[in-house]
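Take a look at the letters that make up each chain.
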Amino acid sequence: MSEHPEISEHEWIDDCFRVWETRFGLWSSETKQGRKMMTGPTREVVVDMTRWHLKCEQDGTLDKYSWVVGDAFVSGKL
């Protein structure tokens, strides 16, 4: 089975996601399905965090590490 040319031209990490440097000097990752994942200061950080995030999704443990800080509720009259 041959891959799409646009997919095969990238270096895929763990055959699952790719990492690239943005025009602002940061690094971002994206899955083969095109889902944007992480952005960070170095390539190594983005690779490590993307691996961790995907592992948590696969294990079903991501909710243990996710929470909402604050809310958008405004009490009283405006």
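You'll find the structure just up there.
Residues numbered from 1 in each chain as written. Predicted model: local features only at pLDDT ≥ 70, side-chain atom pairs only at ≥ 80, totals over all residues. Heavy atoms only, no water.

Comments concerning a nonpolar patch on the surface
Move 1: Taken together, the side chains of Val-45, Met-49, Trp-52 and Tyr-65 present a nonpolar region at the surface, about 360 Å² in accessible area.
Move 2: A relative accessible area of 39% means that Val-45 is categorised as partly exposed. (Patch = residues over 30% accessible without salt bridge, like charges linked within 9 Å, V, L, I, M, F, W, Y side chains within 5 Å. Areas by Shrake-Rupley, 256 points an atom, 1.4 Å probe, with all protein chains shown as cover. Salt bridge = Lys/Arg side-chain N within 4 Å of Asp/Glu carboxyl O. Buried < 20%, exposed > 50% of the residue type's maximum accessible area, 1.4 Å probe, protein only.)

Some points on the pairing of strand β1 (residues 17–21)
Move 1: Relative to strand β2 (residues 27–31), β1 runs antiparallel, the two being bridged by five bridges. By the bridge assignment for β2, Phe-17 is matched with Thr-31.
Move 2: Here β1 folds back onto β2 in antiparallel fashion, the turn holding five residues, of which Gly-25 has a positive phi close to 90°. (Pairing = 2+ DSSP bridges. Helix = DSSP H or I, 4+ residues; strand = E, 2+ residues; numbered from the N terminus.)

Here we look at the sheet that holds β2
Across a sheet, paired strands are connected by hydrogen bonds in the backbone, their directions being either parallel or antiparallel.
Move 1: One open sheet holds the three strands; their spatial order is β1-β2-β3, and the pairing between them is antiparallel. The open sheet is flanked by β1 and β3 (36–40), the only strands paired with a single partner. Neighbouring strand axes in the sheet, compared pairwise and without regard to direction, differ in orientation by 20° on average.
Move 2: Summarising the sheet, β2 and β3 pair through three bridges and their orientation is antiparallel. Residue pairing across strands places Ser-28 opposite Thr-39, the latter belonging to β3. (Axes fitted to C-alpha atoms, helices over the stretch in contact; angles between N-to-C directions.)

Notes on the nonpolar core
Move 1: Residues Ile-13, Phe-17, Val-19, Trp-27, Met-37, Met-38, Val-46, Val-47 and Leu-54 constitute the largest nonpolar core, which totals nine residues.
Move 2: At the level of secondary structure, the elements contributing two or more residues to this core comprise β1, β3 and α2 (43–59).
Move 3: A per-element tally of this core places α2 first, with three residues.
Move 4: Discounting residues that sit within four places of it in the chain, Val-19 has contacts with Ile-13, Trp-27, Ser-28, Ser-29, Arg-43, Val-46 and Val-47. (Core = buried A, V, L, I, M, F, W, Y, C linked by side-chain atoms within 4.5 Å. Contact = heavy atoms within 4.5 Å.)

Some words on the packing of aromatic side chains
Move 1: Tallied over the entire structure, the rule returns one aromatic pair.
Move 2: Centroid distance Trp-52 to Tyr-65: 5.1 Å. Interplanar angle 65°. Geometry classified as edge-to-face. Within this pair, whereas Trp-52 is found in helix α2, its partner Tyr-65 is found in the segment after α2, the two being separated by 13 residues in sequence.
Move 3: By relative accessible area, Trp-52 is classed as partly exposed at 33%. (Phe/Tyr/Trp six-rings, centres within 6.5 Å; stacked < 30°, edge-to-face > 60°.)

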